[in-house]
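# Observations on the model geometry
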Amino acid sequence: MSPVHPPLLIAGLTKSYASRAVLKDVTLSLQPGEVTALVGPSGAGKTTLMRLIAGMERVDQGSIQSGETLLSAADTHLPTERRQIGLVFQDFALFPHLNVRANIMFGLARLAKPERRRVADDWIDRLALGDRASAFPHQLSGGEQQRVAIARAMAPDPRVLLMDEPFSGLDPELRHTSRSIALEAIRQAGIPALLVTHDPVEALAHADTVAVMQHGRLIQVDAPDHLYMRPASLAVATALGRVQTLHRSALPEHMLAGLPADETLYLRPEALTLDPAGGLTLRVIAAHRRGTLCELTLAAGDLQVTCVAILPALPRAGDSMRVSLNPAYVLRLPRADS
Amino acid sequence: MRQPPPLVLDRTIALQITLAGVIALPVLAAIWFGVTAGGGSAWSHIVTNRLLPYTTITLGVLCLTGLLVCLIAIPLAWLVSLYDFPLRGVMEWALVLPLAMPGYVLAYAWADLAGVAGPLQSGLRDLTGWSARDYWFPDIFSLAGLAFILGLTLYPYVYITARAAFTTQSLATLEAGRCLGESGLRLFWRVGLPAARPAILAGLSLALMEAAADFGAADYLGIQTLGVGIVRAWSSFGEPATAARLALILIMIAFAFLLVSKLSAGAAGSQHTSYRWTTPSRKLLSTPSGLGVLGACLLCLTLAFGLPVMRLIWLSLANDVSPAQLWSPLSSSLILAALGTGLAFACALVLVLASHYSRTTAWPMRLASAAGYAAPGVVLGLGGLFLLRASGQALTGGLALGLLVWIYATRFTAAGTEPLMAALSRAPASLDQAARSLGVTGSRRFWRVDLPLLAPGALAGSLILFVEILKELPATLMLRPFGWDTLAVRAHAYASDERLASATLPALLITVSGLIPVIILSRQIARTGRRNK
Amino acid sequence: MTQFFPRLALLAALALAGCTAQTPDPANTDSPEAAAKTLTIYSARHYDTDQVLYDAYEAQSGVAIEVREAGADQLLETLRAEGSNSPADLVIASDAGALWRFQQAGLTQGVETDRLNALVPDRYRSADGHWFGLSRRVRLVAYDPERFSAEDLQSWAKLASPDKAGEICVRSSSNIYNLSLMAEMIERLGPDTAEAWARGIVANMARNPQGGDTDQIRAVAAGQCGLAIVNHYYWARLADSASADDQSVAARTALLVPDFGDGMGAHVNLTGAAITATADDVDAAADFIVFLLSPEGQRLLTMETKELPLLDGPLQTAGLERLPAFTASDIPPDILGENQAAAQRLFDRAGWN
């Protein structure tokens with residue numbers, strides 16, 4: 001339905017502030033109609049990357065281009081206002097003096113008035129803001145403000161949509177609906193989108209591709225499932241979910257089959273399952289219900305592990321449990337990293 | 001979204017009401033006296049012959065001053081906030097300096113500079129061989145001249161608020177506007193100006209209230225504003241009650257400004273920005289336009305500060321004025337300003353905290369402080385004298401000192417609240433609850449949470465108060481105790497007797513004493529934009 | 001729980017009290033060492049030589065002098081507010097109309113002392129001894145001798161004639177000097193003639209009333225107008241100024257003292273002193289007035305102000321050498337006060353800003 005946009009290509013991007021390197025050789029391509037999530041600890045360089053794409057800063061080395069159009073390079077800098085970038089701020093930054101429709105129409109100055117209105121109303125519908133068109137920002141709920149911010153960024157049909165923690169300020173229920181509506185609309189529009197988030201669950205569940213950043217480098221870029229199950233490094237593994245370490249010697253011999261040959265094993269909590277026929281007997285140290293799943297801390301001698309399970313009733317501390325190990329959830333990391 | 005906890009605390013409310021009463025009493029005394037005792041023969045004469053001209057001239061001065069203030073302050077604040085040009089860092093704070101210059105001193109200097117016998121016109125005549133009747137020259141002794149003077153002294157109010165709005169509050173919206181394809185002038189008109197409108201209006205309403213309360217500059221330039229009319233009703237007709245009655249009109253005009261600014265600020269909500277996007281990326285201007293902007297800043301500083309100060313210095317040198325007897329007025333000025341700042345600041349602090357914790361009970365204090373700020377110093381001085389008469393005491397010693405400091409608090413509490421409000425509004429709403437959950441309440445909360453939070457605003461607030469009280473003239477003139485002549489009183493005494501040369505030294509000393517706090521203040525203001533990086 | 005508001009207020013009060021206690025308070029009349037006689041003066045004058053004058057009297061008489069300087073109106077309101085508690089013994093004001101107003105407000109007392117009456121002629125004091133003149137100020141015309149000759153300006157009436165169109169510089173009507181001039185004119189010529197005169201002046205103005213008397217003289221020297229209505233001492237100060245510019249302004253202008261008509265004399269205003277109703281020692285206050293009227297007192301009073309001494313005498317103040325001789329009007333000075341409000345109304349009607 002919408003014209004297909006070229007991908008956004010970032011190649012060899014480097015940026016320093018006062019001799020401190022913030023981005024090092026970052027290469028990434030954002031595909032049209034796909035949402036790429038950028039995750040990583042704070043200070044990893046996520047915001048700087050966004051600011052460079054948005055043209056708020058100049059790059060030191062490398063390039064940013066949209067298809068054939070060069071946006072940024074060491075000697076080229078297209079100013080923000082001419083880049084056609086859609087940017088959604090963490091706190092939305094809606095124009096307080098304009099109502100919802102006028103906020104969305106803001107970037108459509110080149111269109112004729114009726115056309116502007118039509119596009120804006122279209123986006124108001126797509127983001128389920130139908131009855132709020134003439135409300136002012138301070139009269140909207142957080143979720144509504146956030147959807148207006150997305151609609152405002154999307155309406156001018158930008159080359160790329162950048163979202164800086166757009167859902168983090170919303171409460172869980174709102175976040176869920178708002179996010180579904182918004183991401184669906186973004187994919188339909190066929191625009192490359194970058195979602196900066198610190199929430200790995202959000203990245204895994206909602207992005208088409210996840211890029212993990214650490215100390216200014218992209219350390220892995222892959223499909224969410226692949227990234228979760230086959231992380232290239234321990235850093236990637238921990239960025240996307242909990243990892244526990246287990247010493248090979250703590251396991252009985254018969255359970256070692258099918259496991260990597262490393263001395264130290266890294267496993268997701270779900271690697272251990274409660275199993276009456278399991279080969280490992282452990283004592284319950286603590287048990288907590290975390291919604292659907294219960295989290296148990298188990299121990300035997302030096303060994304202490306966490307496992308999750310669906311349980312109708314929590315066991316008591318001191319109870320004995322039998323546990324089996326699913327080798328699929330034991331991470332196979334490249335040697336150099338482990 | 002922010003829901004402050006409802007606080008029903010009798011003692012707190014009682015204190016607020018008491019303080020509101022204390023702040024409002026001099027104003028109420030003046031108004032009550034004006035309404036009950038006014039209306040003598042002078043009143044009917046003024047109503048038939050002078051009221052219309054007074055009012056239209058005052059409104060004319062206010063409109064023109066407001067226009068000038070906006071034309072100077074908003075573009076400069078915009079350029080300084082969003083563009084990089086030579087000496088930008090210096091200009092950013094230097095543009096606040098004219099705040100140290102009292103309006104009447106600027107009027108003395110400019111009247112001398114631009115008068116028919118002054119150096120500008122004499123130079124023109126020498127250059128061209130014209131006589132004084134052969135050419136047209138802008139008349140400083142005119143409504144426009146007064147607006148020029150007031151605009152130059154009052155623009156820093158709007159510059160400060162507008163700059164703060166452009167660099168911190170609405171920065172993310174500016175970035176959003178740029179992403180949506182706007183830049184330069186169009187970004188200014190479509191986003192910058194409308195988003196900063198509440199801040200600009202707040203600054204503008206302060207500036208216009210000051211302009212409405214002006215007496216010194218208008219009197220010196222002979223412009224028949226209400227402020228001058230009030231004094232004339234008193235001095236020519238000997239009816240201070242009629243003066244107080246006229247003042248009521250002025251207070252109403254000032255309230256109208258306040259109301260307009262509050263209403264328009266309330267229509268569009270304000271947006272708070274996370275720290276993430278608060279570092280502006282300034283656009284580097286090309287050399288010619290960078291120098292052009294620098295030139296505009298320098299021109300403004302020269303007109304508002306450099307040229308008048310140099311003229312005053314020259315006058316005092318040419319007339320060989322001796323600096324005798326200035327130590328005592330200097331110390332009086334500093335002590336009075338310090339005492340006044342102390343009381344006004346305490347009132348402002350209570351007002352700000354009260355309105356933070358319970359908005360519903362804070363309005364009497366807000367109203368009282370706004371009324372005090374709107375009332376001209378002459379009227380508050382009269383109110384003070386009426387109170388003195390009621391108490392049956394003599395205007396001497398500690399009593400006179402206390403009365404004067406009280407009047408300062410009435411007049412300036414409102415000026416101290418703005419920076420405190422701003423500091424407090426930057427604090428997250430959840431902070432209060434967090435403090436409570438940690439068991440920190442009452443006075444411990446004040447010392448451990450509120451005060452550290454307010455500290456930056458407190459510094460700014462007390463500096464503004466100090467400078468304003470240093471410049472205050474009419475109330476000090478009327479209520480100071482024996483031997484407490486301030487610099488402003490001295491300067492006025494000389495200038496009103498047409499001994500401008502003798503007035504230059506005290507006038508320069510006021511400016512210098514005010515300059516130090518203003519520099520501290522402006523440097524602090526300039527830092528706020530950078531701190532969050 | 002929230003006790004910090006009261007504590008805060010207390011703190012503020014304490015801090016304030018502490019500061020107040022520490023600040024030097026030179027005016028503390030209750031202090032024990034004030035047992036020596038103190039004379040409290042409310043003065044509308046402000047000259048550096050006044051302090052010399054007070055010091056001289058303190059040295060001579062042993063009486064301590066305390067002074068509050070402010071505008072006459074403000075001093076009047078202060079006295080009124082203080083009522084019977086006022087410390088003031090003496091009021092000095094630079095205008096007969098202002099002194100009259102103190103008297104009207106019941107703040108002064110009539111003193112019948114032969115020694116004062118012997119020193120001050122009738123026309124320079126209030127009829128019932130409520131105040132006494134100390135020095136004189138003459139309202140006159142400073143003109144450009146290249147445009148006018150003295151004959152053109154002999155009387156005030158001649159200034160209003162059409163041949164002076166666009167030539168007159170004068171300050172605002174609310175100024176006490178213009179009010180007093182008009183107050184006498186109303187008495188001399190009647191309100192109708194006086195109002196017609198004011199309209200004539202307004203029609204002849206070179207520019208809107210603005211600035212002070214000095215500015216008017218400068219405007220004549222600069223050529224913007226041909227004549228200015230000013231008080232004599234502003235011109236004298238220019239003539240005696242340290243600044244060469246000022247001296248050349250005086251050199252380029254000439255002075256003339258107009259009269260109200262044949263034999264009616266020139267408009268003279270006064271600086272004077274009144275003994276307040278609350279003065280505890282009338283004799284001590286009168287002593288000080290006598291001192292002010294002594295040759296030494298007169299010299300110190302007029303040295304810096306360039307006013308004229310109350311009586312013609314050998315005293316010659318620098319800057320007054322070129323002041324023409326004149327005959328002073330002999331109306332009772334109370335008239336200047338009585339007609340003051342009427343004068344302002346008349347000016348307002350005539351459009352004299």
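The structure presented is a predicted model; accordingly, all values stated were derived computationally and were not measured. (Residues numbered from 1 in each chain as written. Chains lettered and ligands numbered in written order. Predicted model: local features only at pLDDT ≥ 70, side-chain atom pairs only at ≥ 80, totals over all residues.)

Counting secondary structure elements, chain C contains 15 helices and nine strands. The buried share among the 353 residues of chain C stands at 52%. Long-range contacts, defined here as pairs at least 24 residues apart, represent 80% of the contacts in chain C between residues at least 6 apart. (Helix = DSSP H or I, 4+ residues; strand = E, 2+ residues; numbered from the N terminus. Buried ≥ 20, exposed ≤ 12 C-beta atoms within 10 Å, placed from the backbone. Contact = placed C-beta atoms within 7 Å.)

With that settled, the discussion passes to the interface of chain A and chain B. In this assembly, 26 residues from chain A lie in contact with 24 residues from chain B. Mapped onto the side of chain A that touches chain B, the elements with two or more residues apiece are helix 1 (46-54) and strand 7 (85-88) of chain A. The element that contributes the greatest number of residues to the side of chain A that touches chain B is strand 7 of chain A, accounting for three residues. Among the residues making up the side of chain A that touches chain B, the classes are represented as 15 nonpolar, eight polar and three charged. (Nonpolar A, V, L, I, M, F, W, Y, C, P; charged D, E, K, R; others polar.)

This paragraph deals with unusual backbone geometry. Unusually for a residue other than glycine, A:Asp157 sits at a positive phi of about 60°. With respect to the secondary-structure elements, A:Asp157 resides in the loop between helix 4 (142-154) and strand 8 (160-164). Positive phi, normally seen in glycine, also occurs at B:Leu87, with a value near 65°. For B:Leu87, the position within the fold is in the loop between strand 1 (83-84) and helix 4 (88-94). Judged by local crowding, B:Leu87 falls into the partly exposed class, with 14 C-beta atoms found within 10 Å.

Further remarks concern the domain arrangement of chain B. Interface size is commonly expressed as the accessible surface area that is lost when the partners come together. All names here are of chain B. What the domain assignment reports for chain B is domain 1 (30-267 + 285-318) and domain 2 (321-533). Taking the mean C-alpha position of each, domain 1 and domain 2 sit 21 Å from one another. Taken residue by residue, the interface counts 40 residues in domain 1 and 41 residues in domain 2. It is helix 12 (residues 240-267) that contributes the most residues to the side of domain 1 that touches domain 2, nine residues altogether. Tallied by class, residues from the side of domain 1 that touches domain 2 come to 33 nonpolar, five polar and two charged. (Domains from an automatic or database assignment.)

Atomic detail in the predicted coordinates should be set aside for any region of low pLDDT. All names here are of chain B. Taken over all residues, the pLDDT of chain B has a mean of 81, while the share at 70 or more is 86%. Segment residues 1-8: pLDDT under 50, and ten contacts once partners within four positions in sequence are set aside and those in other chains are kept. Segment residues 269-278: pLDDT under 50, and 32 contacts once partners within four positions in sequence are set aside and those in other chains are kept. (pLDDT = per-residue confidence, 0-100.)

Looking now at the sheet that holds strand 18 (residues 320-325) of chain A. Residues and elements named next belong to chain A. Strand order in this open sheet of five strands is 14-18-15-16-17, and the pairing throughout is antiparallel. The sheet terminates laterally at strand 14 (272-274) and strand 17 (303-309), the two strands that pair on one side only. Ignoring which end each strand starts from, the neighbouring axes of this sheet average 45° apart. In the sheet, strand 16 (residues 293-300) pairs with strand 17 via seven bridges, with the strands oriented antiparallel. Bridging across to strand 17, Ala300 finds its partner in Leu303. (Pairing = 2+ DSSP bridges. Axes fitted to C-alpha atoms, helices over the stretch in contact; angles between N-to-C directions.)

Counting contacts across all two pairs of chains that touch, the top-ranked interface belongs to chains B and C. Chain C makes no contact with chain A, the minimum C-alpha separation between the two being 32 Å.

This part takes up the pairing of strand 2 (residues 20-30) of chain A. Residue and element names in this part refer to chain A. In the sheet, strand 1 (residues 8-17) pairs with strand 2 via seven bridges, with the strands oriented antiparallel. The residue bridging Lys15 from the neighbouring strand is Leu23, located in strand 2. The turn joining strand 1 and strand 2, which pair antiparallel and follow one another in sequence, is formed by two residues; a positive phi near 45° is taken by Ala18.

With that settled, the discussion passes to the packing of helix 16 (residues 377-391) of chain B against helix 3 (residues 72-82) of chain C. Interhelical geometry of helix 16 of chain B versus helix 3 of chain C gives an angle of 25° and a closest axis separation of 7 Å. By the angle class used here, helix 16 of chain B and helix 3 of chain C are roughly parallel. The hand of the helix 16 of chain B/helix 3 of chain C crossing is right-handed. Residue-level contacts link B:Leu382, B:Leu385, B:Leu388 and B:Arg389 of helix 16 of chain B to C:Glu77, C:Thr78, C:Arg80, C:Ala81 and C:Glu82 of helix 3 of chain C. Broken down by class, the residue content of the contact of helix 16 of chain B with helix 3 of chain C amounts to four nonpolar, one polar and four charged. (Parallel < 35°, antiparallel > 145°, perpendicular 65-115°, else oblique. Left-handed = near helix turned anticlockwise from the far one by under 90°.)

Residues and elements named next belong to chain C. In terms of domain boundaries, chain C breaks down into domain 1 (37-136 + 268-309) and domain 2 (138-267 + 320-350). Measuring from the centre of the C-alpha atoms in domain 1 to the corresponding centre in domain 2 gives 27 Å. The interface is formed by 18 residues belonging to domain 1 together with 23 residues belonging to domain 2. For the side of domain 1 that touches domain 2, the secondary-structure elements that each account for two or more residues are helix 4 (96-104) and strand 8 (268-275).

Time to look at the sheet that holds strand 11 (residues 217-222) of chain A. Paired through backbone hydrogen bonds, the strands of a sheet run either parallel or antiparallel to each other. Residues and elements named next belong to chain A. Strand order in the open sheet formed by six strands is 7-8-9-3-10-11, and the pairing between neighbours is mixed. Both edges of this open sheet fall to strand 7 and strand 11, since each of them pairs with a single strand only. Averaged over all neighbouring strand pairs, the angle between strand axes comes to 20°, with direction disregarded. In terms of strand pairing, strand 3 (residues 35-39) meets strand 9 (residues 193-196) through four bridges, oriented parallel. Pairing of Leu38 across the sheet is with Val196, part of strand 9. Contacts between helix 4 and the sheet are confined to strand 7 and strand 8, with strand 7 contributing the most and set at about 170° to the helix.

So, on to the environment of A:Pro192. Residue and element names in this part refer to chain A. Following the sequence through the fold, Pro192 ends up in the loop between helix 5 (172-189) and strand 9. The spacing of Pro192 and Gly33 is 159 residues in sequence and 5.5 Å in space, taken between C-alpha atoms. Setting aside its immediate chain neighbours within four residues, Pro192 contacts His5, Pro7, Leu8, Leu30, Gln31, Pro32, Glu34 and Val160.

On to the packing of helix 8 (residues 171-179) of chain B against helix 9 (residues 184-213) of chain B, then. Residue and element names in this part refer to chain B. Where helix 8 meets helix 9, the closest approach of the two axes is 10 Å, and the angle between their N-to-C directions is 160°. With respect to helix 9, the axis of helix 8 lies roughly antiparallel. As helix 8 runs across helix 9, the sense of the crossing is right-handed. Along its contact with helix 8, which presents Thr173, Leu174, Gly177 and Arg178, the element helix 9 presents Leu187, Arg190, Val191, Gly192 and Ala195.

Moving on, we get to the confidence of the model for chain C. On average, residues of chain C score 85 in pLDDT, and 89% of them are at 70 or above. With pTM at 0.80, the complex prediction returns an ipTM value of 0.76.

Before going further, it helps to examine the environment of A:Phe89. Along the chain, A:Phe89 falls in the loop between strand 7 and helix 2 (100-105). Residue classification places A:Phe89 among the buried positions, given that 25 C-beta atoms sit within 10 Å.

Take helix 10 (residues 232-239) of chain C next. Residues and elements named next belong to chain C. Among the eight residues in helix 10, eight count as buried, and that is most of the element. If you check which residues of helix 10 are buried, you get His232, Tyr233, Tyr234, Trp235, Ala236, Arg237, Leu238 and Ala239. Considering only its buried residues, helix 10 is in contact with strand 4 (131-143), helix 9 (213-222), strand 6 (227-231), helix 11 (244-251) and strand 7 (254-256).

Next up on the list: helix 7 (residues 176-189) of chain C. Working note: α-helix, 3.6 residues per turn, so residues spaced by three or four point in the same direction. Residue and element names in this part refer to chain C. Compared with an ideal rise of 1.5 Å per residue, which puts 14 residues at 20 Å, helix 7 spans 19 Å between its outermost C-alpha atoms and is within 8% of the ideal. The element helix 7 is largely enclosed, with a buried count of eleven among its 14 residues. Turning to helix 7, its buried residues number three or more, namely Ile176, Tyr177, Asn178, Leu179, Ser180, Leu181, Met182, Ala183, Glu184, Met185 and Ile186. A positive backbone phi angle near 90° is found at Gly190, which sits one or two residues after helix 7. (Expected span 1.5 Å × (residues − 1).)

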